[in-house]
Amino acid sequence: MADEIKLDTSIQTNDIVFECPNCGKSLAIEARGAGMEITCPDCQNTIPVPAPDATNTDIAELVSELEAARAEIAFLEKNQAELQMHLEQISTEWGVIQNALDRVMALIQDLRLR
Ligand SMILES: [Zn+2]
């Protein structure tokens, strides 16, 4: 039975998240692994899987959600700054194009008058 329980690097909602008491490595195991003993992939010690702690899991989830939200905000802020720069650049370029157009129009007018 114990052999069926596999350590997973991607944390699922129902996983038990805990730290190896020997080396402190963060481990996640499916909820049905509670009370079993596993071998730590880092220090190779046999360690007991604690009972699922809903509070810990919830906090871990909230923290990761918060971090994701923060990253998204930082990303959007960076994009906004870049967008602003692009807009200024476009507006400068548009001015140059407008000037060139004005000169072309003036040349055309000039030619017509001759
Ligand atoms: Zn360990």
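Refer to the structure printed above.
The paragraphs below set out a description of the structure included in this document.

Definitions and limits used
Residues numbered from 1 in each chain as written. Predicted model: local features only at pLDDT ≥ 70, side-chain atom pairs only at ≥ 80, totals over all residues. Heavy atoms only, no water. Core = buried A, V, L, I, M, F, W, Y, C linked by side-chain atoms within 4.5 Å. Buried < 20%, exposed > 50% of the residue type's maximum accessible area, 1.4 Å probe, protein only. Helix = DSSP H or I, 4+ residues; strand = E, 2+ residues; numbered from the N terminus. Donors = N, O, S within 2.8 Å, 3.2 Å for Na, K, Ca; no water. Salt bridge = Lys/Arg side-chain N within 4 Å of Asp/Glu carboxyl O.

Quick notes on the nonpolar core
Next up, step 1: Of all hydrophobic cores here, the largest spans nine residues; its members are Ile-16, Phe-18, Cys-20, Leu-27, Ile-29, Ile-38, Cys-40, Ile-47 and Val-49.
Next up, step 2: When contributions to this core are tallied by element, the ones reaching two or more residues are β1 (16-19) and β2 (26-29).

What to know about the coordination of the zinc ion
Next up, step 1: Note on the zinc ion: its protein donors are Cys-20 (SG), Cys-23 (SG), Cys-40 (SG) and Cys-43 (SG). The metal-donor distances range over 2.2 to 2.3 Å.
Next up, step 2: In the primary sequence, the donor residues of the zinc ion line up as C-x2-C-x16-C-x2-C. Residue Cys-20 is found in the loop between β1 and β2, and its partner Cys-40 is found in the loop between β3 (37-39) and β4 (46-48); the two are separated by 20 residues along the sequence. Residues Cys-20 and Cys-40 agree in their burial class; the two are buried.

Quick notes on the pattern of salt bridges
Next up, step 1: On inspection of all chains with the given rule, the structure shows three salt bridges.
Next up, step 2: Of the charged contacts, one joins Asp-42 and Lys-25 as a salt bridge, the two residues approaching to 4.0 Å between their closest N and O atoms. With Asp-42 in the loop between β3 and β4 and Lys-25 in the loop between β1 and β2, this pair connects stretches of sequence that are 17 residues apart.
Next up, step 3: The class of Asp-42 is exposed, set by a relative accessible area of 52%.
Next up, step 4: With a shortest N-O distance of 3.4 Å, Lys-78 and Glu-82 are connected by a salt bridge. Of this pair, Lys-78 and Glu-82 both sit in helix α1 (residues 54-113), separated by four residues, roughly a single helical turn.
Next up, step 5: For Glu-82, a relative accessible area of 36% translates into the label partly exposed.

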